[in-house]
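Fold and contact review
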Number of protein chains: 2
Amino acid sequence: MMFYPDIRVVDCTIRDGGLTNDSYFDPAVVRAVYEAACGAGIDYVELGYRNNREMLAPQEFGPYRFCDEPVLRKAVEGVENPKGTKLAIMMDSHKSTVGDLMPKADSIVDLVRVATYVKDVDKAIALAQRAHELGYETTINIMAISAESSPFLDEALQQIEEETKALAVYIVDSYGALYSEEVHFLVEKFQMYIKTKEIGVHMHNNQQLAFANTIEGIIKGAKYLDGTLYGLGRGAGNCPTELLIGFLKNPKYDMLPLLDAVSRHILPLKQSIEWGYRVPYMLTGVRNLHPAESIRWMDSPEKHDLVKFYKHLEVDLE
Amino acid sequence: MMFYPDIRVVDCTIRDGGLTNDSYFDPAVVRAVYEAACGAGIDYVELGYRNNREMLAPQEFGPYRFCDEPVLRKAVEGVENPKGTKLAIMMDSHKSTVGDLMPKADSIVDLVRVATYVKDVDKAIALAQRAHELGYETTINIMAISAESSPFLDEALQQIEEETKALAVYIVDSYGALYSEEVHFLVEKFQMYIKTKEIGVHMHNNQQLAFANTIEGIIKGAKYLDGTLYGLGRGAGNCPTELLIGFLKNPKYDMLPLLDAVSRHILPLKQSIEWGYRVPYMLTGVRNLHPAESIRWMDSPEKHDLVKFYKHLEVDLE
């Protein structure tokens, strides 16, 4: 076989893309992305965050930041799902509570992905374990991995391995800072601790390396792979799902429904949302910084003054 | 040392970018790119093709397709060059003649890069050898490498090794088709034959892998690295020079002059030229096809109908 049958592709267009528009999507776009993922045989499709309304300012966010059960049911209602694409949501360990989950028997959600920083790993483990007990599949996604220092990351991995039933633990390159050798290093580090679960990769495109780093993850053994259609996502965006499907050889995947959704629903978003490679995002990636500063810069009238932004970052750091 | 002192960066913004606009550049842009490369300590800056006017329709191209000596002298006149950035031009083995070169003593050109398909390698060798005898540095750049079949490529490499004094032989991924494992394979194949010269890499971005594949080339030992500012180039474009400089650790390089040129001269080109990742370019890359078909599609009113283009490629192939 030219393909790994145990690879799982997670399309998180709506969830990660929701960071560009506070999760205000036209429901027709959400439905189209779900339909495309089902048609393409994508393993999981993530339709948003289930964050806690008391931990956010709920009036500032659209419905896909909370993913109430009726919202999800409406998005998927009547859509053909011949290949059994599963439904995922994300919960932030520091912005969600176990009370936000109902028993799996009452929900159409299959997979709960818990996003966390290393410092919040105990919250993440509690949330993932509760979700597991309620009947959900779970993953734990460790954000900002390029900024986590070794002893604490190692300890967190050991704890996740011992204390959870997560299907996978993710390397999340929130800053888009990693080079291939670092991806190899991190997958190997994860493999030292994670023996009963798979490893996942979620890459950002600040240095145009999101797809490349996803492939490097695959080469080292990562099995859960995140992408978004046309790379939609905050700042420089993500690994494009269509590129990933073009690379994987599993005949169950079909690129055409994805291209149809890109044509009709994602490219038109370019009129209201900006994402993709830009020099300011690259500069925070190279310096291993949170992209927030570059995103603010890209919203300013000085967005094209790249020299000024370069110097701005230098002053901040010294 | 964290860096390889024998790495050479070649900025080919004007030469490769000239494929987007038939080499019609405002001379102020050419001068600005030259100035930026000098300020940044880029090793070589390539200002265009020196093609033969009888082998093209000269009225269809701007001056940087021919790079007459006065045109080059005007572009660089009075520009400070404290780090000794050298001047390069490209000659196509099938569109240039030895008669297009004068003795090096009469020229400000330092490096002549001969681009060739494997089938034209004898022309390329003759051209490169004549350029060498006239006093120029030379490289031979093998185009469309992903479409060359093994026995002929091997033979060509052996011949180039034995019959030329080229400084480097390039892997040129014209189709943007290569994945990292293929880059590794090709660099190793080149190393089997190329013992007295360096290996170079020139990558295209159809699959968002141009920068990643350049890094993979470095990891395997390639020393001549091509980039263009903001990836300017035909179709999906190239490895962005600014990303490459962000990656390399040689303290002689300075990113700021490059960012200044991107801000003031390259980003404004977006108003008249389109380049960068687009699904049609990706699809020809994935299928290992010449990008011409996708470039024509992107010039058509149907450019956003990705499903139709996908099917169009399938019909053509079967």
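Predicted, not measured: the structure shown is a model, and the values here were computed from it. (Residues numbered from 1 in each chain as written. Chains lettered and ligands numbered in written order. Predicted model: local features only at pLDDT ≥ 70, side-chain atom pairs only at ≥ 80, totals over all residues. Heavy atoms only, no water.)

Next up on the list: the pairing of strand β3 (residues 86-92) of chain A. Residue and element names in this part refer to chain A. Counting buried positions along β3 yields six of seven residues, so the element is predominantly enclosed. Sheet topology note: the β3/strand β4 (residues 111-116) ladder contains five bridges and is parallel. From the neighbouring strand, Met-90 faces β4, where its bridge partner is Arg-113. (Buried < 20%, exposed > 50% of the residue type's maximum accessible area, 1.4 Å probe, protein only. Helix = DSSP H or I, 4+ residues; strand = E, 2+ residues; numbered from the N terminus. Pairing = 2+ DSSP bridges.)

Glancing now at the side chain of Gln129(A). Its location among the elements puts Gln129(A) in helix α4 (residues 121-134). In contact with Gln129(A), other than residues within four places in its own chain, are Glu163(A), Thr164(A) and Lys165(A). (Contact = heavy atoms within 4.5 Å.)

Right, let's talk about the interface of chain B and chain A for a bit. The partner chain A presents 37 residues to the 37 residues of chain B that form the contact. Taken as a group, Gln208(B), Leu243(B) and Leu256(B) account for 16% of the area that chain B buries against chain A, more than any other trio of residues on that side. Applying the counting rule to chain B against chain A returns 12 residue pairs in polar contact (both at pLDDT 80 or more). Of all the secondary-structure elements, those providing two or more residues to the side of chain B that touches chain A are α6 (180-193), α7 (210-220), α8 (241-247), α9 (256-266), α10 (279-286) and α12 (306-317) of chain B. (Buried area = accessible area lost by both parts, 1.4 Å probe. Polar contact = N/O pair within 3.5 Å; in protein donor to acceptor, adjacent residues only side chain to side chain.)

All names here are of chain B. Across the interface, α6 lies against α7 with an axial gap of 9 Å and an inter-helix angle of 40°. When the axis of α6 is compared with that of α7, the two are oblique. The chirality of how α6 crosses α7 is right-handed. Here α6 contributes Ser-180, Val-183, His-184, Val-187, Glu-188 and Gln-191 to the contact with α7, which in turn contributes Asn-213, Glu-216, Gly-217 and Lys-220. (Axes fitted to C-alpha atoms, helices over the stretch in contact; angles between N-to-C directions. Parallel < 35°, antiparallel > 145°, perpendicular 65-115°, else oblique. Left-handed = near helix turned anticlockwise from the far one by under 90°.)

Residues and elements named next belong to chain B. Overall, the coordinates contain 42 salt bridges over all chains when judged by the stated rule. With a shortest N-O distance of 2.7 Å, Glu-46 and Arg-15 are connected by a salt bridge. In this pair, Glu-46 is assigned in strand β2 (residues 44-49) and Arg-15 in helix α1 (residues 13-17), connecting sequence segments 31 residues apart. Neither Glu-46 nor Arg-15 differs from the other in exposure class; each is buried. Arg-130 serves as the salt-bridge partner of Glu-133, at 3.6 Å between the closest nitrogen and oxygen. On the criterion of helical spacing, the pair formed by Glu-133 and Arg-130 is a turn pair, its members being three residues apart in helix α4 (residues 121-133). Taking relative accessible area as the criterion, Glu-133 reaches 54% and is therefore assigned exposed. Given the relative accessible area of 36%, Arg-130 is considered partly exposed. (Salt bridge = Lys/Arg side-chain N within 4 Å of Asp/Glu carboxyl O.)

For Gln208(A), which is not glycine, the phi dihedral falls at a positive 60°. Considering the arrangement of structural elements, one finds Gln208(A) in the loop between β7 (198-203) and α7 (210-220).

A separate point is the environment of Leu267(A). The topology assignment puts Leu267(A) in the loop between α9 (256-266) and α10 (279-286). For Leu267(A), a relative accessible area of 16% gives the class buried. With 38 residues separating them in the primary sequence, Leu267(A) and Leu229(A) have C-alpha atoms 9.5 Å apart. The contacts of Leu267(A), once residues within four sequence positions are left out, are Tyr230(A), Val262(A), His304(B) and Leu306(B).

This part covers the packing of α4(B) against helix α5 (residues 150-163) of chain B. Residues and elements named next belong to chain B. At a minimum axis distance of 11 Å, the contact between α4 and α5 shows a crossing angle of 20°. Taken together, α4 and α5 sit at an angle that is classed as roughly parallel. α5 is crossed by α4, and the crossing has right-handed handedness. Of α5, the residues touching α4 (which contributes Val-121, Asp-122, Ile-125 and Gln-129) are Ala-156, Gln-159, Ile-160 and Glu-163. Residue classes in the contact of α4 with α5 are distributed as four nonpolar, two polar and two charged. (Nonpolar A, V, L, I, M, F, W, Y, C, P; charged D, E, K, R; others polar.)

All names here are of chain A. Split by domain assignment, chain A resolves into domain 1 (8-271) and domain 2 (279-317). Taking only C-alpha atoms into account, the centre of domain 1 sits 26 Å from that of domain 2. Every contact between the two is made by 12 residues of domain 1 and, on the other side, 10 residues of domain 2. Of the roughly 850 Å² buried at the junction of domain 1 and domain 2 (both faces included), carbon and sulfur atoms supply 60%. It is Tyr-175, Asn-206 and Arg-234 in domain 1 that bury the most area against domain 2; as a group they hold 53% of the surface buried on that side. Where domain 1 touches domain 2, the interface holds zero salt bridges. Where domain 1 meets domain 2, there are two residue pairs in polar contact (both at pLDDT 80 or more). Residue classes in the side of domain 1 that touches domain 2 are distributed as five nonpolar, six polar and one charged. (Domains from an automatic or database assignment.)

The next thing to look at is empty space enclosed by the protein. As enumerated under the stated definition, the model contains two cavities of 30 Å³ or more in all. Along the walls of the largest cavity sit 13 residues, with Ala212(A), Glu216(A), Ser180(B), Ala212(B) and Glu216(B) positioned nearest its centre. Looking at the lining of the largest cavity, the elements with two or more residues in it are α7 of chain A together with α7 of chain B. Its residues assigned to classes, the lining of the largest cavity shows seven nonpolar, four polar and two charged. (1 Å grid on protein atoms, 1.4 Å probe; cavity = no way out; pocket = protein on both sides within 12 Å on 5 of 7 lines; lining within 4 Å. Points joined across faces, edges and corners; volume = space filled by probe spheres on them.)

Let us now look at helix α2 (residues 27-40) of chain B. Residues and elements named next belong to chain B. In this model α2 runs 20 Å from its N-terminal to its C-terminal C-alpha over 14 residues, within 8% of the 20 Å that 1.5 Å per residue would give. Along α2, the positions that sit buried rather than exposed are Val-29, Val-30, Ala-32, Val-33, Tyr-34, Ala-36, Ala-37, Cys-38 and Ala-40. If you follow the buried residues of α2, they end up packed against β1 (8-11), α1, β2, α3 (69-76), β3 (86-92) and α9. Looking at where α2 begins, the residue whose side-chain oxygen comes 2.8 Å from the main-chain nitrogen of Ala-28 is Asp-26. Where α2 terminates, the next one or two residues include Gly-41, which has phi positive at roughly 75°. (Expected span 1.5 Å × (residues − 1).)

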